[in-house]
Amino acid sequence: MSLQAPLLGAEGEQKAKESSPTDEKAYLKGIADLPDLTHLLEKQGILGEYVAWRDGYMKWRKGDARGAMGENTLNDHQKRSSEFQTWYPTVKTYSFRRTIAFWGAVTCCEGCLLFLWIDLI
């Protein structure tokens with residue numbers, strides 16, 4: 001097979017052209033027949049999460065490097081929220097860890113400066 005040969009033969013191109021409009025019409029009719037469930041998502045309080053997931057999914061489908069993570073199911077949303085709560089279960093824990101990180105950095109910088117200036121003392 002040469003590199004210049006088309007991927008579809010003349011008969012394949014003709015089939016694609018013939019079947020395309022009817023398939024597209026059936027597809028659009030199927031979409032039009034689906035019920036609008038946004039009022040149910042809003043009632044359950046998860047419309048914002050769904051919209052964020054949908055936008056990420058569309059980015060991924062268009063070829064963006066990052067998009068929606070996982071499936072849009074209740075179990076995945078609960079898993080993601082529990083992963084966050086594993087690291088930061090309460091505000092007090094978050095504040096404590098932030099304080100420890102701050103003072104660890106300050107002590108490290110102070111130690112470095114003392115090491116550099118030890119000859120001057």
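Residues numbered from 1 in each chain as written. Predicted model: local features only at pLDDT ≥ 70, side-chain atom pairs only at ≥ 80, totals over all residues. Heavy atoms only, no water.

**Observations concerning the packing of aromatic side chains**
Here is step 1: Applying the stated criterion across every chain, the model contains 2 aromatic pairs.
Here is step 2: With 5.2 Å between their ring centres and 10° between their planes, Trp53 and Tyr57 make a pair best called stacked. Remark: Tyr57 and Trp53 occur in helix H3 (residues 47-61); sequence separation between them is 4 residues, near one turn of the helix.
Here is step 3: For Trp53, a relative accessible area of 17% puts it in the buried group.
Here is step 4: Centre to centre, the rings of Phe102 and Trp103 are 5.0 Å apart; their planes meet at 75°, and the pair counts as edge-to-face. (Phe/Tyr/Trp six-rings, centres within 6.5 Å; stacked < 30°, edge-to-face > 60°. Helix = DSSP H or I, 4+ residues; strand = E, 2+ residues; numbered from the N terminus. Buried < 20%, exposed > 50% of the residue type's maximum accessible area, 1.4 Å probe, protein only.)

**Quick word on the pattern of salt bridges**
Oppositely charged side chains can pair when the atoms bearing their charge come close.
Here is step 1: Within this structure, the stated rule accounts for 2 salt bridges.
Here is step 2: The partner of Lys29 in a salt bridge is Asp33, with the nearest N and O atoms 3.3 Å apart. Within this pair, Lys29 and its partner Asp33 are both found in helix H1 (residues 10-33), separated by 4 residues, close to a single helical turn.
Here is step 3: Take Asp33: its relative accessible area is 55%, and that puts it in the exposed class.
Here is step 4: For Asp55, the salt bridge identified is with Arg54, shortest N-O distance 3.7 Å. (Salt bridge = Lys/Arg side-chain N within 4 Å of Asp/Glu carboxyl O.)

**Some words on a nonpolar patch on the surface**
Here is step 1: A grouping of Leu113, Phe115, Leu116, Trp117 and Leu120 is seen on the molecular surface, where their side chains present a nonpolar patch of about 640 Å² in accessible area.
Here is step 2: Inspection of the secondary structure assignment puts Trp117 in helix H5 (residues 91-117). (Patch = residues over 30% accessible without salt bridge, like charges linked within 9 Å, V, L, I, M, F, W, Y side chains within 5 Å. Areas by Shrake-Rupley, 256 points an atom, 1.4 Å probe, with all protein chains shown as cover.)

**A word on H3**
Here is step 1: When the terminal C-alpha atoms of H3 are compared, their 21 Å separation across 15 residues agrees well with the 21 Å that a helix rising 1.5 Å per residue should span.
Here is step 2: Just downstream of H3 lies Gly63, where phi reads positive at about 105°. (Expected span 1.5 Å × (residues − 1).)

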